[in-house]
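An overview of the molecular structure
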Amino acid sequence: MSPTVPVRAAVVSPYWTFWEASAGGAGLREDRRTLLAEATAALGAALAAQQHGIPPTDGAAEAAGAASNELELACAGLLDTPETAAALADGVAGDLDVIVVVICMAAPSTHGLAFLDRFSGVPVVIWSLQRSRNIRAGFDASDITSAGTAVGTPQLTNMLARAGRPHEIVVGALHDASCHRRLARAVRASATASALGRARIARVGQPPAGYACVDTDAEALRRATGIELVEVDPAALRRRIVTVPSEVTERLAAEAESAADIAADLLADVPGDPGASGLAASSAGRRSLAAAAALEALDDELGVAAGAMNCHVPELRFGADVGIAPCYGLGRETSRGVPWTCAGDVLTAVAMLVGRRLGGAALYHELEVIDFDTGEVAIANSGEHDLAWCPPGVRPRLQPNPWYRDDPLTGASIWFELPPGPASLIGFTPHAAEPSGYRFVVAEGHITERSLPQSPTVGGTFRFAGDAGVGESWRAWAAAGVNHHSAASPGHLAADVATVARYLKVGCAQVS
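Since the structure is predicted, the reported quantities are computational estimates derived from the model, not experimental observations. (Residues numbered from 1 in each chain as written. Predicted model: local features only at pLDDT ≥ 70, side-chain atom pairs only at ≥ 80, totals over all residues. Heavy atoms only, no water.)

1. Describing the packing of helix α1 (residues 26–52) against helix α7 (residues 177–197)
At a minimum axis separation of 8 Å, α1 and α7 run at an interaxial angle of 80°. Accordingly, the angle class assigned to the pair α1 and α7 is roughly perpendicular. For the pair α1 and α7, contact is made by Ala 42, Leu 43, Ala 46, Leu 47, Gln 50 and Gln 51 and by His 180, Leu 183, Ala 184, Arg 185, Val 187 and Arg 188, respectively. (Axes fitted to C-alpha atoms, helices over the stretch in contact; angles between N-to-C directions. Helix = DSSP H or I, 4+ residues; strand = E, 2+ residues; numbered from the N terminus. Parallel < 35°, antiparallel > 145°, perpendicular 65-115°, else oblique. Contact = heavy atoms within 4.5 Å.)

See the structure below:
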């Protein structure tokens, strides 16, 4: 998978000096500090395991390095008084993605609230933690104190519920791998909600005429979610594309040639750069690479998390200077972790951002054709990709985009088939039934073993998880209000998408 943005978290633990008299005196504080440090290390390892497939219990340097890359610790500490908690909060610089409250003992709710109230919009994950899985044979008053998460957790969560503040609760023991997996999912979903709440999404041009189903009012979206749409004139992108230096296209050509097999017919058109070789020497290749370079520079300059483009305009696909559909560039940005959609579809850009952060990959696609006999639907698109979806050991093919063969110049696109396994489809849309005005729609299922080698773009076949039959499942998918585009991501993500929706206070409909 491609590199991810680290989760920036505060990890804190309520503590009450009242219990020192009955549970080891000052040693109780040191024990809680040690437990908090162990819990923080377990969280980092769990996030690394989720993202990189490294066992959380693996003590190798690879696991430690991955953990440090996945968790950025903004602060950590015991909250022993409201004043201590407020001072710790005041020392935090910058945005937080999530606050993880490790509760391992009874403590007044004011201790935790004094910290949480300084970050009213930040998602909260409660880790109700015990060091041991069991009640020991010599259970006594000290155990009631030192293993008191079942008391301390509702002391705080009761107050969060009263205030209407969304939160997730994860319950388990310190060395329980299944608890670590649940914790990592809760933290990742919470961080995804934070990312959406402050995301900027670029929109190059407007959707094609008549494509109202992929559009939304920018101000309504911002009010409901915090997402800001950044309008980009297609002419501004054209200027970027035509001024990309040859050394940049040469570098991207080397990158593409190392990652993919290059179709011979992509190299067969008129020279794009007489001084170049290979992919950069063809007009189609050079323009595809230049568009990819320009899009990367645009993303970096604007600081956007995702984007949506309608390239079917005179400044881009239909212009003499660019003259290609830049699908390769959209896919390359998605592969870099900045998902882009076609047709100016800002709604599916939101779904793509969620799917990629939760599942590690996101394919912009349509559900094309239903097979009523096998229970499958065909997935394809107009040339976009995400290399994080490419099966291990498989080299994708870089080819002329089959959809635009009749253009004077045909831009490049990547081709491979999605690997079989658990998957989720995610949509996002305005919806009149939701108080917020918006909802996510998610369907779990599997990418099947079926191969469609003649399908023109990245795709495969998907089977819904429910037993209602493909016709009824697809009907429910459409009835939930999605448009004709969605994001496909690895894994069963319905619960995680629902968590994101809950934090954002938008709707979520699950289809089976």
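2. Notes on the confidence of the model for the chain
Per-residue confidence for the chain gives a mean pLDDT of 94; residues scoring 70 or more make up 95%. This stretch, residues 58–62, has a pLDDT under 50; its non-local contacts, to residues over four places away or in other chains, come to two contacts. (pLDDT = per-residue confidence, 0-100.)

3. Details of the pattern of salt bridges
Enumeration over the complete set of coordinates arrives at 35 salt bridges. Ionic pairing is found between Arg 33 and Glu 30, a salt bridge with its closest N-O pair at 3.5 Å. Taken together, the residues Arg 33 and Glu 30, both in helix α1 and three residues apart, mark about one turn of the helix. Classification of Arg 33 as partly exposed rests on a relative accessible area of 43%. Owing to a relative accessible area of 44%, Glu 30 belongs among the partly exposed residues under this scheme. (Salt bridge = Lys/Arg side-chain N within 4 Å of Asp/Glu carboxyl O. Buried < 20%, exposed > 50% of the residue type's maximum accessible area, 1.4 Å probe, protein only.)

4. Thoughts on a nonpolar patch on the surface
A surface patch of nonpolar side chains, about 360 Å² in accessible area, is lined by Ile 135, Phe 139 and Ile 144. Looking at the element boundaries, Phe 139 is found in the loop between β4 (124–130) and α5 (141–146). (Patch = residues over 30% accessible without salt bridge, like charges linked within 9 Å, V, L, I, M, F, W, Y side chains within 5 Å. Areas by Shrake-Rupley, 256 points an atom, 1.4 Å probe, with all protein chains shown as cover.)

5. Notes on the sheet that holds strand β1 (residues 7–14)
Spatially, five strands are ordered β2-β1-β3-β4-β5 in an open sheet, and the strand pairing comes out parallel. The two strands at the open ends of the sheet, each matched to only one other strand, are β2 (71–79) and β5 (167–173). Averaged over all adjacent pairs, the angle separating strand axes in this sheet is 20°, with direction ignored. Pairing between β4 and β5: seven bridges, direction parallel. What sits directly across from Leu 129, in β5, is Gly 172. In this fold helix α3 (residues 82–90) packs onto β1 and β2, with an angle of close to 160° to the strand it touches most, β2. Docked against the sheet, helix α4 (residues 109–116) engages β1, β2, β3 (98–103) and β4, running at close to 145° with respect to β2. (Pairing = 2+ DSSP bridges.)

6. Focus on helix α13 (residues 346–359)
With 14 residues, α13 should cover 20 Å at 1.5 Å per step; its first-to-last C-alpha distance of 20 Å lies within 8% of that length. Of all 14 residues in α13, 13 are buried, a share of seventy percent or more. Sitting at the amino-terminal end of α13 is Asp 345, which places a side-chain oxygen 3.2 Å from the backbone nitrogen of Leu 347. Where α13 ends, the next residue or the one after it, Gly 360, has phi of about 90°, a positive value. (Expected span 1.5 Å × (residues − 1). Polar contact = N/O pair within 3.5 Å; in protein donor to acceptor, adjacent residues only side chain to side chain.)

7. So, the packing of aromatic side chains
Inspection of the entire model under this criterion finds seven aromatic pairs. Centre to centre, the rings of Phe 428 and Phe 440 are 4.7 Å apart; their planes meet at 50°, and the pair counts as tilted. On the criterion of sequence distance, the pair formed by Phe 428 in strand β15 (residues 421–430) and Phe 440 in strand β16 (residues 438–447) is long-range, its members being 12 residues apart. (Phe/Tyr/Trp six-rings, centres within 6.5 Å; stacked < 30°, edge-to-face > 60°.)

8. A few points about the side chain of His 385
Positionally, His 385 belongs in the loop between β12 (376–380) and β13 (397–400). Overall, the relative accessible area of 2% leaves His 385 in the buried class. The residues touching His 385, leaving out its near neighbours within four places in the chain, are Tyr 328, Gly 331, Arg 332, Thr 334, Ser 335, Leu 363, Ile 414, Phe 416 and Val 458.

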